[in-house]
Amino acid sequence: MTSDTRPDEDGAVTSAGRQQPPGHRVALRGDLRAALPDAGAAVVVTVLVFALLWARMESGESDTVAVMPFMDDPGTYWMYLLSQAFGWSALLWAWGTVMLGLLLSGPRPARLPVSRPVLERWHRTTSLTTMALMFAHALMFAAELVRYETKVDWAERLWVAFADTFVPGWYDSGTGQVAIPIGQGALYLAIPLGLLFYVRHRIGANTWRRMHRFVIVVYVLSVWHTLLYGTNVWYGEWPRTVLWLLQLPVSALLLARLLRPARRAERLGLPKRGAGTARPAWWWGRAAGRVVAGAVVVGLVVVAVSGRDGGRDRPTHPPATAPHAQETD
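The structure displayed is predicted, hence computed values, not measured ones.

**Quick look at the confidence of the model for the protein**
Argument step 1. In the predicted model, the protein carries a mean pLDDT of 83, and the fraction of residues at 70 or more is 83%.
Argument step 2. Across the protein, the secondary-structure element scoring lowest on mean pLDDT is strand S2 (residues 13–15), at 39, and the one scoring highest is helix H3 (residues 36–59), at 96.
Argument step 3. A low-confidence stretch, residues 4–23 stays under pLDDT 50, and its non-local contacts, those more than four residues away or across chains, total 40 contacts.

See the structure below:
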């Protein structure tokens, strides 16, 4: 989730890795130290979200309880609430780091609030924080499952919680059969794609750049996981609409980045005079990407205006739902 480009004085863009000598490469250890204030802010936001979710559950206004009435006890299900809080913080930080990445790799703004190197550092540190928040979200979900599985011994409880949380296809209850593998896919892609930046001098800047483009897939999977499994946005009401609207600036920046990428090699220029009219496969692929991104922007506007955001209708009577059956010996 980091940018690999930096403009020269003449406006051209070259790889930052080629501009700096080997002794000045960005090190993971240094970025981890730089990420401490960012991680501290993420913890504060997580605590605030946790407090809000707890208060809503105690007041009877929780959408989670509306979906799963058996959870009407924050003192018992506090680990699940903490998992939700980490999940929302992770999505917020993922939104921020993707926005920074698109800003850095797209058209050069006339003015930036801070220098480009500072934005690049923010992009790297928010990426590291996002990965930590995603892992904490999954870990607290597993901890809640350990608490829940009381009919088997501790070894079995730990295995069931680990498998349900981290093994794709293992969780077998309700919407989670689809939503949890999607979330796992986001986590398992985010970690290597984020950390590959620190070894790009070994794998090559071009290889890293091609792989890094899949970061947008991580973000899409994260949002999809939230829309499917986030009980706070389960119903077709304003929280779900806000989540959809937050994707408009991301898709708009993505479209701008595809239409006017910072790297000249990625631009779709007209064929040179005298050249053949045949275009290479990469040209058509990039053109298709621009069409898809434009369609996404239009689709998001339609969703926001029409209100058809895939949300469920709030039931008149509370659903008789319960967790998946406990494991037994």
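After that view of the structure, there is still more to cover.
**Considering helix H13 (residues 247–259)**
Argument step 1. Taking 1.5 Å per residue as the helical rise, H13 with its 13 residues ought to reach 18 Å, and the 18 Å between its terminal C-alpha atoms agrees with that figure.
Argument step 2. Three or more residues of H13 are buried, namely Gln-247, Val-250, Ser-251, Leu-255 and Arg-257. Taken end-on, H13 shows its buried residues confined to a sector of 160 degrees, consistent with a single buried face.

**What to know about the nonpolar core**
Argument step 1. Ranked by size, the top nonpolar core spans 49 residues in total, and within it Tyr-80, Phe-86, Leu-133, Met-134, Phe-141 and Tyr-229 carry the most contacts.
Argument step 2. The set of elements that each furnish at least two residues to this core consists of H3, helix H4 (63–67), helix H5 (78–105), helix H6 (116–148), helix H7 (154–166), helix H8 (176–195) and helix H11 (215–229).
Argument step 3. Looking at this core element by element, the count peaks at 11 residues for H6.
Argument step 4. Beyond its immediate stretch of four places on either side in the chain, Tyr-229 contacts Phe-141, Tyr-171, Thr-175, Gly-176, Ala-179 and Ile-180.
Argument step 5. Tyr-219, Val-223, Val-233 and Val-250 belong to the second largest nonpolar core, which has 11 residues in total.

So, how was this worked out
- Note that residues are indexed from 1 along each chain, following the sequence as it is written.
- Residues qualify for local features only when their pLDDT is at least 70, as the model is predicted, and side-chain atom pairs are given and counted only at 80 or more; totals for whole chains, interfaces and linings, by contrast, use all residues.
- Each side-chain value is worked out from all heavy atoms of the structure, with water and hydrogens disregarded.
- Confidence of the predictor at the level of single residues is captured by pLDDT, which takes values from 0 to 100.
- Helix numbering and strand numbering both begin at the N terminus, where a helix is a DSSP run of H or I of at least 4 residues and a strand a DSSP run of E of at least 2.
- Contacts between residues were defined by any pair of non-hydrogen atoms, one from each residue, lying within 4.5 Å.
- In this analysis, the expected span of each helix is defined as 1.5 Å times one less than the number of residues it contains.
- Accessible area is worked out with a 1.4 Å probe on protein chains only. A residue is then buried under 20% of its type maximum, exposed over 50%, and partly exposed in between.
- The directions from the helix axis to the C-beta atoms are what the arc is built from.
- Put simply, a nonpolar core is a bunch of buried Ala, Val, Leu, Ile, Met, Phe, Trp, Tyr and Cys residues held in one set by side-chain atoms that sit within 4.5 Å of each other.

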